Amino acid sequence: MYPRVLLKISGEALLGQTEFGIDPAIIQRIALEIQDIMKLGVQLALVIGGGNLFRGTGLTANGIDRVSADYIGMLATVMNSLAMQDALQKINTETRVMSAIQMGLICEEYTRRKAISHLQRGRVVIFAAGTGNPFFTTDTAASLRAIEIDAKLLVKATKVDGVYDTDPLKNPTAQRLTRLTYNDIISRQLGVMDTTAVVLCRDNNMPLRVLDLNKMGTLKRAVMGEEEGTFIYHEV
């Protein structure tokens, strides 16, 4: 079992059956799964994307400045983080949202020492607002925070059950790959995460597991060290 884990959840995963926003049933189910993991004694941190509320690529394609679009996207991650905190607090799971951008009225400012202190006290820590800088994705933020807090596993929860050799939505014969190295990801351009995030994980020997968030129990099995989805590691 991994003692400290960072879970990256895409904003799109919170859509559920809705076309925009947050599906209450989805966020409540995720909260219950997180509570189940916490009962194992695991220290758990989260990074949540904002794609269910805002997609910056659409605005930038229509003339909006990239930096402005990225900051709007960071605010979307804060909204998702506050919603997840609310769902967790309602089931008596103590949670702290820590933002890379100062907004003291609604969440704490991120510092590494305080984040680790919260984890050691048994609180779920949700890292919001990405890295606090434009031009970086939430995948990169998840990789960075996982390294900073000395997590032993980074989990990327998506809508597919791992990494495939080709796009399974376009190719019905696509094969799921159960184990890969980070160099495989880069050389084969598999698109698991952006290159900055992949290189951060590779260079800091951070193992990554990609799995399907919609399958009950996958998160818990991954945290317990069981085979689930695709495992990605740094080949020494």
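Before going into details, it helps to say that this report is about the structure given with it. All values reported here derive from a predicted model rather than from experimental measurement.

## A closer look at the overall build of the protein
Moving on, step 1. When helices and strands are tallied, the protein shows 8 helices and 11 strands.
Moving on, step 2. Over its C-alpha trace the protein gives a radius of gyration of 17 Å, about what one expects of a compact globule, namely 18 Å for 236 residues.
Moving on, step 3. Residues classed as buried in the protein amount to 50% of the 236 residues present.
Moving on, step 4. Summarising the internal contacts of the protein: among those between residues at least 6 apart in sequence, 72% fall at separations of at least 24.

## Brief notes about unusual backbone geometry
Moving on, step 1. Notably, Phe135 is not glycine yet its phi reads approximately 75°, a positive angle.
Moving on, step 2. On the secondary structure map, Phe135 appears in the loop between β5 (124–128) and α5 (138–148).
Moving on, step 3. The residue Asp150 is not glycine, and still its phi comes out positive at about 60°.
Moving on, step 4. Mapped onto the fold, Asp150 is located in the loop between α5 and β6 (153–158).
Moving on, step 5. Owing to a relative accessible area of 42%, Asp150 belongs among the partly exposed residues under this scheme.

## With respect to the packing of aromatic side chains
Moving on, step 1. Evaluation of the coordinates by the stated rule reveals 2 aromatic pairs.
Moving on, step 2. Ring geometry for Tyr110 versus Phe127: centroids 5.4 Å apart, planes at 90°, classification edge-to-face. Pair noted here: Tyr110 is in the loop between β4 (108–109) and α4 (112–120) and Phe127 is in strand β5, with a separation of 17 residues, a long-range link.
Moving on, step 3. Among the residues examined, Tyr110 registers a relative accessible area of 14% and is labelled buried.
Moving on, step 4. The exposure class of Phe127 is buried, given its relative accessible area of 3%.
Moving on, step 5. Ring geometry for Phe231 and Tyr233: centres 6.1 Å apart, planes at 15°, overall stacked.
Moving on, step 6. With a relative accessible area of 10%, Phe231 lands in the buried category.
Moving on, step 7. Among the residues examined, Tyr233 registers a relative accessible area of 28% and is labelled partly exposed.

## Some words on the pairing of strand β11 (residues 230–233)
Moving on, step 1. Bridging between strand β9 (residues 179–181) and β11 involves 3 bridges; their strand directions are parallel. Its bridge partner lying in β11, Thr181 is registered against Tyr233.
Moving on, step 2. As defined by bridge partners, strand β10 (residues 208–212) adjoins β11 across 3 bridges and the pair is classed as antiparallel. Following the sheet pairing, Arg209 is matched in β11 by Phe231.

## Overview of the side chain of Thr95
Moving on, step 1. By secondary structure assignment, the location of Thr95 is in strand β3 (residues 95–99).
Moving on, step 2. Take Thr95: its relative accessible area is 0%, and that puts it in the buried class.

## Here's the deal with the sheet that holds β9
Strand pairing in a sheet relies on backbone hydrogen bonds, with the paired strands running either antiparallel or parallel.
Moving on, step 1. Spatial ordering of the open sheet is given by β4-β3-β5-β2-β1-β6-β10-β11-β9, a layout of 9 strands whose pairing is mixed. Edge strands, defined here as strands with exactly one partner in the open sheet, are β4 and β9.
Moving on, step 2. Relative to the sheet, helix α1 (residues 24–38) contacts β1 (4–9), β2 (43–48) and β5, its axis offset from that of β2 by approximately 155°.

What counts, and where the lines are drawn
- Residues numbered from 1 in each chain as written.
- Predicted model: local features only at pLDDT ≥ 70, side-chain atom pairs only at ≥ 80, totals over all residues.
- Heavy atoms only, no water.
- Helix = DSSP H or I, 4+ residues; strand = E, 2+ residues; numbered from the N terminus.
- Rg over C-alpha atoms; globule rule 2.2 N^0.38 Å.
- Buried < 20%, exposed > 50% of the residue type's maximum accessible area, 1.4 Å probe, protein only.
- Contact = heavy atoms within 4.5 Å.
- Phe/Tyr/Trp six-rings, centres within 6.5 Å; stacked < 30°, edge-to-face > 60°.
- Pairing = 2+ DSSP bridges.
- Axes fitted to C-alpha atoms, helices over the stretch in contact; angles between N-to-C directions.

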